[in-house]
Amino acid sequence: DTLTSMNNLAMLYDNQGRYVKAEPLYKDCLEMARAVLGERHPDTLTSMNNLAMLYDNQGRYVKAEPLYKDCLEMARAVLGER
């Protein structure tokens, strides 16, 4: 599907260190997932985590941390503690 394809392309750019190309794709993917699937859908949480990892990989910890925290909080609420 479109979200998966966008995410995969963003991951490719991320893995290549092409962060400027990866970031807008990750952001668009997250926004589309929120709109189509809802804030707490597991795929939305994956998109949020992927954007956080991009920031983490770049040393942009101030941007990564709140995304990681929000993702964890929502995952616990939806999926439990497992």
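For the structure, check the block above.
The structure presented is a predicted model; accordingly, all values stated were derived computationally and were not measured.

## Here we look at the layout of surface pockets
Size it by volume and the largest pocket reaches roughly 160 Å³. Lining the largest pocket, in full, are D1, L3, T4, N7, N8, C29, A33, L37, D43, T46 and S47. Within the residue set of the lining of the largest pocket, elements represented by two or more residues are α1 (2–15), α2 (19–37) and α3 (42–57). Counting residues per element, the lining of the largest pocket draws most heavily on α1, which supplies 4 residues. Residues belonging to the lining of the largest pocket are distributed by class as follows: 4 nonpolar, 5 polar and 2 charged.

## As for the nonpolar core
Of all hydrophobic cores here, the largest spans 21 residues; its most connected members are Y26, M48, L51 and L67. When near neighbours in sequence (up to four residues on either side) are disregarded, M48 contacts L30, R34, E39, L67, D70, C71 and M74.

Conventions adopted
- The residue count restarts for each chain, going from 1 along the sequence in the order it is written.
- A pLDDT threshold of at least 70 governs which residues receive local features in this predicted model, and a stricter bar of 80 or more applies before side-chain atom pairs are shown or counted, although totals over entire chains, interfaces and linings include all residues.
- Only hydrogens and water are removed before side-chain values are computed, so all heavy atoms of the structure are retained for them.
- Grid spacing is 1 Å over the protein atoms alone, the probe is 1.4 Å, and a cavity is where that probe fits but cannot get out, while a pocket is an open set with protein on both sides within 12 Å along at least five of seven lines and lining residues have an atom within 4 Å of a point.
- Grid points are joined across faces, edges and corners, and a volume is the space filled by probe spheres set on the points.
- Segments assigned H or I by DSSP are reported as helices when at least four residues long, segments assigned E as strands when at least two residues long, and all are numbered from the N terminus.
- All amino acids are sorted into three groups, where Ala, Val, Leu, Ile, Met, Phe, Trp, Tyr, Cys and Pro are nonpolar, Asp, Glu, Lys and Arg are charged, and the leftover types, Gly among them, are polar.
- Take the buried Ala, Val, Leu, Ile, Met, Phe, Trp, Tyr and Cys residues and link them wherever side-chain atoms come within 4.5 Å; each set so joined is a nonpolar core.
- Burial status follows relative accessibility: with a 1.4 Å probe on protein chains alone, a residue under 20% of its type maximum counts as buried, one over 50% as exposed, and anything between as partly exposed.
- Only heavy atoms enter the contact rule, under which two residues are in contact if any of them lie within 4.5 Å.

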